[in-house]
Amino acid sequence: MPADVSEFLASLQQEEPPVSLTPLLRAVWHGLHGEWDPAHEIAQAGGDRQSAWVHAWLHRIEGDQWNARYWYGRAGREMPAGATREEGATIAAALLQGGRAKGS
């Protein structure tokens, strides 16, 4: 497991995600790596708010704003206006900390 978000982001230079990643971190890794389908498959398998957050973010990347809004609602979050890559890093940091990002 990466020690922090910078180590996680550095792993994006690899062809495959680190084997130590949790499923949701693997979904974020695939999303940041431009691999929407495997990321989406992992995210939609979860039924918790963190999974819904990742799922929402992926639909935002895809450009499906309506679906993204729905999943942000399921996650108990507002859809952000910033860059999707930045949000991916925020999600990864929250998952690595085992908690929720500030403002969650």
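Our structure is the block above this text.
Residues numbered from 1 in each chain as written. Predicted model: local features only at pLDDT ≥ 70, side-chain atom pairs only at ≥ 80, totals over all residues. Heavy atoms only, no water.

Trainee: Please explain the overall build of the protein chain as it appears in this structure.
Mentor: Check the secondary structure of the protein chain and you find 6 helices and 0 strands. Its helices and strands taken in sequence order, the protein chain reads α-α-α-α-α-α from the N to the C terminus. Relative to the 2.2 N^0.38 estimate, which gives 13 Å for 104 residues, the radius of gyration of the protein chain is 12 Å and therefore close to what a compact globule would have. Its C-alpha atoms put the protein chain at 30 × 25 × 25 Å along the principal axes. Relative to its full complement of 104 residues, the protein chain shows a buried share of 40%. Contacts in the protein chain between residues at least 24 apart in sequence constitute 42% of all its contacts with a sequence separation of at least 6. (Helix = DSSP H or I, 4+ residues; strand = E, 2+ residues; numbered from the N terminus. Rg over C-alpha atoms; globule rule 2.2 N^0.38 Å. Buried < 20%, exposed > 50% of the residue type's maximum accessible area, 1.4 Å probe, protein only. Contact = heavy atoms within 4.5 Å.)

Trainee: Before we go on, may I ask you to explain the packing of aromatic side chains in this structure?
Mentor: The final tally for this structure, using the stated rule, is 2 aromatic pairs. Taking 6.5 Å as the distance between ring centres and 10° as the angle between the ring planes, the aromatic pair formed by tryptophan 66 and tyrosine 70 counts as stacked. With tryptophan 66 and tyrosine 70 both in helix α5 (residues 65-75) and 4 residues apart, this pair spans about one turn of that helix. When its relative accessible area of 39% is taken as the criterion, tyrosine 70 is described as partly exposed. For the pair tyrosine 70 and tryptophan 71, a centre-to-centre distance of 5.1 Å together with 85° between the ring planes defines the contact as edge-to-face. (Phe/Tyr/Trp six-rings, centres within 6.5 Å; stacked < 30°, edge-to-face > 60°.)

Trainee: For this particular structure, what's the right way to read helix α6 (residues 84-96)?
Mentor: Because an α-helix completes one turn every 3.6 residues, residues spaced three or four positions apart along the sequence face the same direction. When the terminal C-alpha atoms of α6 are compared, their 18 Å separation across 13 residues agrees well with the 18 Å that a helix rising 1.5 Å per residue should span. By the burial criterion, the buried members of α6 are Glu87, Gly88, Ala89, Ile91, Ala92, Ala94 and Leu95. For α6, the elements touching its buried residues are α1 (5-10), α2 (23-32), α4 (49-62) and α5. Glycine 98 sits one or two positions beyond α6 and adopts a positive phi of about 75°. (Expected span 1.5 Å × (residues − 1).)

Trainee: I keep staring at the pattern of salt bridges and nothing clicks. Help me out?
Mentor: Proximity of charged atoms lets side chains of opposite charge pair with each other. Applying the stated criterion across every chain yields a total of 1 salt bridge. A salt bridge links arginine 60 to glutamate 87, with the shortest nitrogen-to-oxygen separation between them at 2.6 Å. Here arginine 60 is found in helix α4, whereas its partner glutamate 87 is found in helix α6, with 27 residues between them in sequence. Take arginine 60: its relative accessible area is 9%, and that puts it in the buried class. Relative accessible area serves as the criterion here: at 7%, glutamate 87 is assigned to the buried category. (Salt bridge = Lys/Arg side-chain N within 4 Å of Asp/Glu carboxyl O.)

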